[in-house]
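Structural characterization, general
So the chains spell out like this:
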Amino acid sequence: MSGVRIRPAGERAVVVELEPGAEVHALAAAVRERWGPAAEEVVPGERSLLVCWRAGGGERRELATALSALAEQVAGAGAPPAGGAPAPLRIPVRYDGPDLDAVATATGLTVAQVIARHTAPTYTAAFIGFAPGFAYLTGGDPVLALPRRATPRVRVPAGAVAIAARYSAVYPSTGPGGWHLLGHTSLTLFDPRATPPVLIQPGMQVRFEAI
Amino acid sequence: MSAWAATGPALEVLAPGLLTTVQDLGRPGLAHLGIPRSGAADRTSLRRANLLVGNAPGAPALEAVGAGLRLMAVDGDVLIALTGAPVDAMVDGVPLAMDAATVLGDGATLTLGAPADGIYTYLACAGGILVEPVLGSCSRDVLSALGPAPLTKGQLLLLGDPLGDPEPQTARVGCPPTFSILDGPLSAPFPVLPPPTLIGGQPTLAVLLGPDDEFFDQQAIDSLLTQPFTVSPKSNRVGLRLSGPSLPTRGSNERASAGLAHGSLQVPPSGQPILMLADHPTTGGYPVIAVLAERDLDRAAQLRVGQTVRFRARR
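Predicted model, so just to flag it, every value in this text is computed and none were measured. (Residues numbered from 1 in each chain as written. Chains lettered and ligands numbered in written order. Predicted model: local features only at pLDDT ≥ 70, side-chain atom pairs only at ≥ 80, totals over all residues. Heavy atoms only, no water.)

Here we take up the overall build of chain B. Helix and strand content of chain B: 3 helices and 22 strands. Counting across all 315 residues of chain B, residues that qualify as buried make up 53%. In chain B, of all internal contacts separated by at least 6 residues, the share reaching a separation of at least 24 is 75%. As displayed, chain B has an accessible area near 12,900 Å², and 57% of this comes from carbon and sulfur atoms. (Helix = DSSP H or I, 4+ residues; strand = E, 2+ residues; numbered from the N terminus. Buried < 20%, exposed > 50% of the residue type's maximum accessible area, 1.4 Å probe, protein only. Contact = heavy atoms within 4.5 Å. Areas by Shrake-Rupley, 256 points an atom, 1.4 Å probe, with all protein chains shown as cover.)

Given below as structure tokens:
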């Protein structure tokens, strides 16, 4: 099978297109192991992986060929055994968000049902973007999939637990945002002085718990 | 960090100018956590300024935008160099040349005018600017508000020890000395200054098509590679907004969010491309028609609002 598509992204980067999910994160791990710090940026997307090599790391076409072989290998290996995965990160949530009633109305559910459906799944951090530590969590209940708010808020507090489209997220820092706010957590999602600075890493499994 | 105990010369900020930040070469390797690389918008000019004053090329220096930065040397002389966007610089009323190391005497005041061309002027000081790094870098990221806040009036900028070595010298590019008389203990490799960044004019910048060029029809590709684009207002360290012929996609303008490389030309639904610069977001949901060649990134960052630019494809 040669289903892996690799596209150039400038002189020393490529984008590998993949099936969404475990494969992206498995390939990210394999790339870090294969190239170490020479693979300067290894950035998961929803169904892709961007790899930027350091200057002088090699000729792009040769790197792309090696990466293609690695991607085939990872795809061929299939999903890792479920027993080996670490337990999901548990995020305690107080479901008191300002959009809870509106979400219930829009989905035809009661508030209690919205909370039940939001706390039921195990989510995967598909990729991080928008802001440091802002993880796009996939695997949520499709009934809760709503378009973003028509008018974004100027100020969403850090720790706000929110939904939009097929995603859930926790706002790591206070700032503008257009997602529906269901509640909040007291966990710190982004702390530049902490190691690691970001709580939810790409590929991590996450569950929300109502408190 | 023993350098924090330094009690050598410092710079007092008499006026911060329009926007002056501390910049080094940024915080690479964290994009997967949503943390942009940041760093000097024009990295060549940062390296050049640092090498002129004997620093490691990536030492923290000042990046000034617009006119009005005024600094006074206190508690000693400071070796300085200005590179990047050319400005009328004065030391106590006497013009100061760009691209040369100069001693700013104790008590003397440096004033920067508005750049004649370009955006970012770099001021390196021997020893580097001493600020606390955040995630391994002293750079201010204007998108994520990481790193030291922009300069404010009255602030005192401490400097590192010029004889101490804030960074290993391995990053320096050496060349053999021309004169054999220099052989011996004094024959440290000469640092090779990068050439000044080309600033001004109507540049043609090299791009590599992709990764999402297949989202666009041939007409859009042709427009990108033959028509001029103008730099729009609201351009900054995050990105350069360009206006020109619309670059429509064949079908949907949205694709699954993917990592963004430095220099990506991302095309939002407006059809007007945005060139991703130092503080660009780490992922994006719109197609990237092409990515700028690395050697043209610095020149692109120095483009001013209203300046026109063209793109040519390279393989």
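Residues and elements named next belong to chain B. Relative to the helices and strands, Thr-308 is located in strand 22 (residues 308-313). Residue classification places Thr-308 among the partly exposed residues on the basis of a relative accessible area of 22%. It is 8.2 Å that separates the C-alpha atoms of Thr-308 and Gly-201, two residues lying 107 residues apart in sequence. Beyond its immediate stretch of four places on either side in the chain, Thr-308 contacts Gly-201, Gln-202, Pro-203, Phe-229 and Thr-230. Polar contacts involving the side chain of Thr-308 include one to the side chain of Gln-202, which spans 3.5 Å. (Polar contact = N/O pair within 3.5 Å; in protein donor to acceptor, adjacent residues only side chain to side chain.)

Residue and element names in this part refer to chain A. As a packed pair, helix 3 (residues 100-107) and helix 4 (residues 111-119) sit with axes 9 Å apart at the nearest point and diverge in direction by 90°. Relative to helix 4, helix 3 is oriented roughly perpendicular. Where helix 3 approaches helix 4, its residues Leu-100, Asp-101, Val-103, Ala-104 and Thr-107 are matched on the opposing element by Val-111, Val-114 and Ile-115. Broken down by class, the residue content of the contact of helix 3 with helix 4 amounts to 6 nonpolar, 1 polar and 1 charged. (Axes fitted to C-alpha atoms, helices over the stretch in contact; angles between N-to-C directions. Parallel < 35°, antiparallel > 145°, perpendicular 65-115°, else oblique. Nonpolar A, V, L, I, M, F, W, Y, C, P; charged D, E, K, R; others polar.)

Right, let's talk about the sheet that holds strand 18 (residues 264-266) of chain B for a bit. All names here are of chain B. Read around the closed barrel, 7 strands run 14-21-18-19-16-15-22, paired in mixed fashion. Between one strand axis and the next, the sheet turns through 40° on average, direction left out of account. Bridge analysis of strand 15 (residues 229-231) against strand 22 gives 2 bridges, and the strand direction is antiparallel. Looking across to strand 22, one finds that Phe-229 is bridged to Val-309. (Pairing = 2+ DSSP bridges.)

We now examine the pairing of strand 6 (residues 123-128) of chain A. All names here are of chain A. Counting buried positions along strand 6 yields 5 of 6 residues, so the element is predominantly enclosed. By the bridge criterion, 2 bridges tie strand 6 to strand 13 (residues 205-210) in an arrangement that is antiparallel. Looking at the pairing, Tyr-123 lines up with Val-206 of strand 13. Of the pairings in the sheet, the one linking strand 6 to strand 7 (residues 135-138) comprises 4 bridges and is antiparallel in character. Looking at strand 7, one finds that Thr-124 is bridged to Thr-138.

Next up on the list: the packing of helix 1 (residues 22-35) of chain A against helix 2 (residues 60-77) of chain A. All names here are of chain A. Interhelical geometry of helix 1 versus helix 2 gives an angle of 130° and a closest axis separation of 10 Å. Looking at the two axes, helix 1 sits oblique to helix 2. Of the two elements, helix 1 crosses helix 2, and the hand of that crossing is right-handed. Taken together, the residues of helix 2 that come into contact with helix 1 (itself represented by Glu-23, Ala-26, Leu-27, Ala-30, Val-31, Arg-34 and Trp-35) are Leu-63, Ala-66, Leu-67, Leu-70, Ala-71, Val-74 and Ala-75. Tallied by class, the residues present in the contact of helix 1 with helix 2 amount to 12 nonpolar, no polar and 2 charged. (Left-handed = near helix turned anticlockwise from the far one by under 90°.)

A few words now on empty space enclosed by the protein. Across all of its chains, the model carries 1 cavity of 30 Å³ or more by this definition. Of the volumes computed, that of the largest cavity is approximately 360 Å³. Lining of the largest cavity is provided by 27 residues; of these, Arg-12 and Cys-52 of chain A together with Arg-43, Ala-261 and His-262 of chain B occupy positions nearest its centre. Those elements giving two or more residues to the lining of the largest cavity turn out to be strand 3 (39-44) and strand 4 (48-53) of chain A together with strand 21 (288-292) of chain B. (1 Å grid on protein atoms, 1.4 Å probe; cavity = no way out; pocket = protein on both sides within 12 Å on 5 of 7 lines; lining within 4 Å. Points joined across faces, edges and corners; volume = space filled by probe spheres on them.)

All names here are of chain B. One open sheet accounts for 6 strands, arranged 7-6-9-4-1-11; its pairing is antiparallel. One side of each edge strand has no neighbouring strand; the edge strands of this open sheet are strand 7 (94-96) and strand 11 (156-158). Each strand of the sheet is rotated relative to its neighbour by a mean of 30°, with strand direction disregarded. Summarising the sheet, strand 1 (residues 10-16) and strand 11 pair through 3 bridges and their orientation is antiparallel. Residue Glu-12 lies in a different strand from strand 11, and its bridge partner there is Leu-156.

Further remarks concern the domain arrangement of chain A. Residue and element names in this part refer to chain A. Parsing chain A into structural domains produces domain 1 (5-80) and domain 2 (89-210). The C-alpha centroid of domain 2 is placed 28 Å from the C-alpha centroid of domain 1. Every contact between the two is made by 4 residues of domain 1 and, on the other side, 8 residues of domain 2. Across the interface of domain 1 and domain 2, roughly 450 Å² is buried in total on both sides, 54% from carbon and sulfur atoms. On the domain 1 side of the interface with domain 2, the three residues burying the most area are His-25, Pro-44 and Glu-46, jointly 90% of the side's total. The interface formed by domain 1 and domain 2 contains 1 salt bridge. Counting across the domain 1 and domain 2 interface gives 4 residue pairs in polar contact (both at pLDDT 80 or more). For the side of domain 1 that touches domain 2, the per-class residue count stands at 1 nonpolar, 2 polar and 1 charged. (Domains from an automatic or database assignment. Buried area = accessible area lost by both parts, 1.4 Å probe. Salt bridge = Lys/Arg side-chain N within 4 Å of Asp/Glu carboxyl O.)

Turning our eyes to something else, we now look at the nonpolar core. Residues Leu-224, Leu-242, Leu-247, Leu-265, Ile-289, Leu-292 and Phe-311 of chain B are the most contacted members of the largest nonpolar core, which totals 37 residues. For Leu-247 of chain B, the residues in contact, after removing those within four places along its chain, are Phe-216, Ala-220, Ser-223, Leu-224, Phe-229, Val-267, Gly-271, Pro-273 and Ile-289 of chain B. Grouped together as the second largest cluster of nonpolar side chains are 32 residues, Ala-125, Ile-128 and Leu-137 of chain A together with Ile-35 of chain B included. (Core = buried A, V, L, I, M, F, W, Y, C linked by side-chain atoms within 4.5 Å.)

Okay, the pairing of strand 2 (residues 13-17) of chain A next. All names here are of chain A. For strand 2, the tally of buried residues reaches 4 of 5 residues, placing the bulk of the element in the interior. Bridge count for strand 1 (residues 5-8) against strand 2 is 4 bridges, and the pairing is antiparallel. Note on strand 2: the bridge partner recorded for Pro-8 is Val-14. Counting the residues in the hairpin turn of strand 1 and strand 2 gives 4 residues, including Gly-10, whose phi is positive at 95°.

It is worth spelling out the environment of Ala-220 of chain B at this point. Within the fold, Ala-220 of chain B resides in helix 2 (residues 218-226). For the pair Ala-220 of chain B and Asp-298 of chain B, spaced 78 residues apart in sequence, the C-alpha separation works out to 25 Å.

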